[in-house]
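Summary of the model geometry
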Amino acid sequence: MDASPLNSKGTYEDDNQTAANVLGITDMTPWDGATGCNFSAEQKQDVGRVILVKWGDVTRKIGIDGSSAAIKEAIRNAFRLRSKRSFWLEDGDGVVRSLDRAMPLTTYTLHVDLGVTIKIYQYDECNQHVVSSEDATLYTEEDFRELLSRLGWRALREVGTYKDVESIAELRENVAYHHSGFKT
């Protein structure tokens, strides 16, 4: 025998009251199975402007009622983008959209900057043998400046040429570089 005072219909057997009435809950709102939350009809209408953003297998709903900076920060947080890497949204027609309140309410694909990966060689200055090498992936001009500062160099030089590189915009993907001869 079931010791619960409720029957299978959720009412008390002796006086036909529901559990909600007994607990003092008078204004039950419908359950939204998609989000796992209770929402009234008014609350569902007040969620604001929302877009869907996909990155790989992950899809997130992003509210676009804030400023461009707020939308950008929401996307960074939703996808846990912790670096300074740039990103952009592209709609189903291949159009890259600016992040603002007026953007169409549709599904977007998130694209993240892959950066520029280069090889850095350090030579023994006496006999020009390679002492060490490292791969570096740079995303911003600030990353490039930090690399030069860490190495104590003013610029990079492409291996096998006399072309000095003083900006990330001049770097070429998968190319080897060494110091330019100018020390800071």
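See the structure above.
My aim in this report is to walk through the structure given alongside it, one point at a time. Bear in mind that the values here come from a model prediction, so they are computed numbers and not experimental data. (Residues numbered from 1 in each chain as written. Predicted model: local features only at pLDDT ≥ 70, side-chain atom pairs only at ≥ 80, totals over all residues. Heavy atoms only, no water.)

1. Quick notes on the overall build of the protein
The condition is simple: Where helices and strands are cited, they refer to DSSP runs of H or I of at least four residues and of E of at least two residues respectively, numbered from the N terminus. Relative accessibility decides the category of a residue: with a 1.4 Å probe and only protein chains considered, values under 20% of the type maximum give buried, values over 50% give exposed, and everything between is partly exposed. Any pair of residues with heavy atoms lying within 4.5 Å of one another is described as a contacting pair. The accessible surface values rely on the Shrake-Rupley method and a 1.4 Å probe; as for residues, cover is taken only from the protein chains in view.
A count of helices and strands for the protein gives four helices and twelve strands. The buried share of the protein, taken over its 184 residues, is 26%. For the protein, the proportion of contacts with a sequence separation of at least 24, taken over those separated by at least 6, is 42%. Summing over all exposed atoms, the protein offers an accessible surface of approximately 12,300 Å²; the carbon and sulfur share of this is 50%.

2. Some thoughts on the sheet that holds strand β11 (residues 164-165)
Note the threshold: Here, strands pair whenever DSSP counts at least two bridges between them.
Here five strands make up an open sheet; going across it, the order is β9-β8-β12-β10-β11 and the pairing mixed. Sheet topology places β9 (130-138) and β11 at the edges, where each strand pairs with a single neighbour. Bridge count between strand β8 (residues 116-123) and strand β12 (residues 176-179): two bridges; the pairing is parallel. Directly across from Ile-120, in β12, lies its bridge partner Tyr-177.

3. What about the nonpolar core?
Here is the rule: What makes a nonpolar core is a set of buried Ala, Val, Leu, Ile, Met, Phe, Trp, Tyr and Cys residues whose side-chain atoms join them at distances within 4.5 Å.
One finds Ile-118, Ile-120, Leu-138, Phe-144, Leu-156, Leu-171 and Tyr-177 to be the most contacted residues of the largest nonpolar core, which totals 16 residues. Among the secondary structure elements, those contributing two or more residues to this core are β8, β9 and α4 (141-151). The biggest single contributor to this core is α4, with four residues. Filtering out sequence-adjacent residues up to four positions away, Leu-171 remains in contact with Val-116, Ile-118, Leu-138, Phe-144, Leu-156, Val-165 and Tyr-177. If you look at the next biggest cluster of nonpolar residues, it comprises 15 residues, including Ile-64, Ile-71, Phe-79 and Phe-87.

4. Thoughts on unusual backbone geometry
One non-glycine residue, Arg-80, adopts positive backbone phi at about 55 degrees. Positionally, Arg-80 belongs in the loop between α3 (68-78) and β5 (87-91). Take Arg-80: its relative accessible area is 64%, and that puts it in the exposed class. Phi angles above zero are rare outside glycine, and Asn-174 is one such case at about 60 degrees. By secondary structure assignment, the location of Asn-174 is in the loop between β11 and β12.

5. As for the sheet that holds β5
Taken together, five strands build an open sheet; the order of strands is β4-β3-β7-β5-β6 and the sheet is mixed. The outermost strands of the open sheet, each flanked by one partner alone, are β4 (58-63) and β6 (96-97). In this sheet, β4 lies alongside strand β3 (residues 50-55) in antiparallel orientation, the contact comprising six bridges. When the sheet's bridge partners are listed, Lys-54 is paired in β4 with Thr-59.

6. Thoughts on the pairing of strand β7 (residues 107-112)
Covered by surrounding structure in β7 are Tyr-108, Leu-110 and Val-112 only, the residues Thr-107, Thr-109 and His-111 on the alternate face being uncovered. The pairing of β3 with β7 spans three bridges and is classified as parallel. Residue pairing in the sheet places Lys-54 in a bridge with Thr-109 of β7. Here β5 runs beside β7; their pairing, made up of five bridges, is antiparallel. The partner of Trp-88 across the bridge, within β7, is His-111.

7. As for α3
Note that an α-helix has 3.6 residues per turn; residues three or four places apart therefore point the same way. We apply this condition: By definition, the arc is the one covered by directions from the helix axis to the C-beta atoms.
Of all the positions in α3, only Ile-71, Ile-75 and Arg-76 are classed as buried. Summarising the axial view, the buried residues of α3 lie within an arc of 140 degrees, below the 170-degree limit, and thus occupy one face. On its buried face, α3 is in contact with β4, β5 and β7. Directly after α3, the chain includes Arg-80, whose backbone phi takes a positive value near 55 degrees.

8. Thoughts on the pattern of salt bridges
Filter applied, for reference: Just to be clear on terms, a salt bridge is a Lys or Arg side-chain nitrogen sitting within 4 Å of an Asp or Glu carboxyl oxygen.
Evaluated as defined, the whole model comprises six salt bridges. The partner of Arg-97 in a salt bridge is Asp-91, and the shortest N-O contact between them spans 3.3 Å. The shortest N-O distance in the salt bridge between Asp-164 and Arg-157 comes to 2.8 Å. Residue Asp-164 is classed as partly exposed on the basis of its relative accessible area, which comes to 21%. The class of Arg-157 is buried, set by a relative accessible area of 17%.

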